[in-house]
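Secondary and tertiary structure notes
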Amino acid sequence: VKDKIMTGQKVLITAGPTREAIDPVRYLTNHSSGKMGYALAKAAIQRGADVTLITGPVHLEEPKGLATFIQVETAEDMFQAVKAHVDHQDIIIKSAAVADYRPAIYHQQKMKKSDEDLVLTLNRNPDILKWIGMHKKPHQFIVGFAAETNDIMENGVSKLKAKGTDLMIINDITRSDAGFQSDTNQVILVSKKGEQQQLPVMPKSQLAHIILDNIIA
Ligand code: PMT
C-alpha cells in the first residue's frame, strides 16, 4: 500500500451507471457495475485523500473512510451532486457511465402495452464532464474515461479535447477482460500533452493506483 501521499488532497470520483426511468417499472441504463470507480475511491482513501464518491445504482459496499458518499439515480441527479461538490476539489475523476439520453416523458403510471410497436422519444442529458472542463479552476486536475468499441485512439483523443480533460483513460470495452463489470481492465492513458501509455490487463484495484500515480506525476 502506498503511503499517505495524497493527504490533504480533495478527490471527487463518479462511479456506476445512471438510470433513466420510463415509467415506475422500466428504465434505460448501461452495464457499468461501479467497480472501476469504487477501486479508484479505495485507492485514493488508502493514500490519505479526502474522497467524495458520487455513485449511480450499483451492488457494491460503500468504501470505508470516504469523506462524502452520495447515491444518485439519474444523470441529472449526478449533475446536481457534482455541481454542489466540485468547486473545492483538487482532482476530479469521472469513471461513471452517464446515460447520454433520457426518456422525454416520464409516465407516472405503468405504460400499457398494445400490439403496435412503441417509439420512445429521448432527450439529451447534460454532459457532466464537459461542464466540469468548462468550469475548471486553475488548481484542478480533471480525468475522464472514454468507453470505446471502435477507432479507440481516435475517439478517445477527440473526447479528451472536446471535454477539456487533463488525462483521458481510454477503455476498449469489446474485450471480456476489460471495461464493464469485469474485475480487470485494460486501458490506454493519454495526457493533454499527447503522451500515451498503453497498459496491460490488470486488476481494477491495481489500475486505480497507476491512474493516481499518473495524476500525481
Ligand atoms: O463500472 P465498471 O463495470 O467497473 O466499468 C467501468 C467503465 C467501463 C464504466 C469505466 O471504465 C468507463 O469507461 N467509464 C466511462 C464510461 C462512459 O460513459 O464513457 P463515455 O465515452 O460515454 O463518456 C466519456 C466521459 O464523459 C466519461 O468520463 C463520462 O463519465 C463522461 N460523461 C459522459 C456522458 C455524459 N452525459 N456526461 C458525462 O460526464
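Residues numbered from 1 in each chain as written. Predicted model: local features only at pLDDT ≥ 70, side-chain atom pairs only at ≥ 80, totals over all residues.

Details of the overall build of the protein chain
Heads up, the rule is: Only DSSP runs of H or I covering at least 4 residues are called helices, and only runs of E covering at least 2 are called strands; the numbering of each starts at the N terminus. Only C-alpha atoms enter the radius of gyration; for comparison, a globular chain is expected to reach 2.2 Å times N to the power 0.38, where N is the number of residues. Three exposure classes are used, based on other C-beta atoms lying within 10 Å of a residue's own C-beta, which is placed from the backbone: buried for 20 or more, exposed for 12 or fewer, and partly exposed in between. Remark: residues whose backbone-derived C-beta atoms lie within 7 Å of one another are considered to be in contact.
If you tally the helices and strands in the protein chain, you get five helices and 14 strands. Whereas a compact globule of 217 residues would reach a radius of gyration of roughly 17 Å, the protein chain reaches 18 Å, a difference of no more than 12%. Overall size of the protein chain, expressed as C-alpha extent along the three principal axes, is 60 × 35 × 30 Å. Taken over 217 residues, the protein chain has a buried fraction of 39%. Long-range contacts, defined here as pairs at least 24 residues apart, represent 60% of the contacts in the protein chain between residues at least 6 apart.

Some details on the pairing of strand β4 (residues 50-55)
Threshold: For two strands to be treated as a pair, DSSP must find no fewer than two bridges joining them.
With respect to burial, β4 is a largely interior element, six of its six residues being buried. Residues Asp50, Thr52 and Ile54 line one face of β4 and the alternating positions Val51, Leu53 and Thr55 line the opposite face, and both faces are buried. Two strands pair when backbone bridges link them, and strand β1 (residues 10-15) and β4 are joined in this way by six bridges, in the parallel orientation. Among the inter-strand pairings, leucine 12 is bridged to a residue of β4, identified as threonine 52. Note: β4 against strand β5 (residues 68-71), four bridges, orientation parallel.

Thoughts on the site of the ligand
Defined as follows: We call a residue near a molecule or strand when the C-beta position, derived from backbone atoms, sits within 6 Å of it. Any residue outside Ala, Val, Leu, Ile, Met, Phe, Trp, Tyr, Cys, Pro, Asp, Glu, Lys and Arg is labelled polar, Gly included; the first ten of those are nonpolar and the last four are charged.
Ser33, Lys35, Ile128, Leu129 and Phe145 are the nearest of the 27 residues found near the ligand. When contributions to the shell around the ligand are tallied by element, the ones reaching two or more residues are α1 (35-46), α3 (128-134) and β9 (141-148). Among the elements that make up the shell around the ligand, the one with the highest residue count is β9 (four residues). A class-by-class count of the residues in the shell around the ligand yields 12 nonpolar, nine polar and six charged.

Overview of the packing of α1 against helix α5 (residues 204-216)
Condition: For helices, the fitted line uses only the C-alpha atoms of the stretch in contact; every axis is such a line through C-alpha atoms, and the angle between N-to-C directions lies from 0 to 180 degrees. In these notes the angle categories are as follows: under 35 degrees is roughly parallel, over 145 is roughly antiparallel, 65 to 115 is roughly perpendicular, and the rest is oblique. Each crossing is labelled by how the near helix is turned from the far one, with a counterclockwise turn of less than a right angle marking it left-handed and a clockwise turn marking it right-handed.
Running from amino to carboxyl end, α1 crosses α5 at an angle of 60°, the nearest separation of the two axes being 8 Å. The angle between α1 and α5 falls in the class oblique. For α1 against α5, the interelement crossing comes out right-handed. Of the residues in α5, those touching α1 at Lys35, Met36, Ala39, Leu40, Ala43 and Ala44 are Lys204, Ser205, Ala208, His209, Ile211 and Leu212.

Focus: the nonpolar core
Quick reminder of the rule: Joining buried Ala, Val, Leu, Ile, Met, Phe, Trp, Tyr and Cys residues through C-beta atoms within 7 Å gives a set, and that set is a nonpolar core.
Counting residues in each nonpolar core, the largest one holds 52 residues, and the members touching the most others are Ile13, Leu40, Ala44 and Met78. No other element matches α1, which puts seven residues into this core. Those residues within four positions of isoleucine 13 in sequence are excluded, and the remaining contacts are Gly37, Leu40, Ala41, Val51, Leu53, Ile93 and Ser95.

A few points about helix α2 (residues 75-85)
For the record, the criterion: The directions from the helix axis to the C-beta atoms are what the arc is built from.
Turning to α2, its buried residues are Ala75, Met78, Phe79, Ala81 and Val82. Around the axis of α2, the buried residues are gathered within 165° of arc, so they sit on the same side. The inward-facing, buried residues of α2 abut β1, β2 (20-21), β4, β5, β7 (101-103) and α3.

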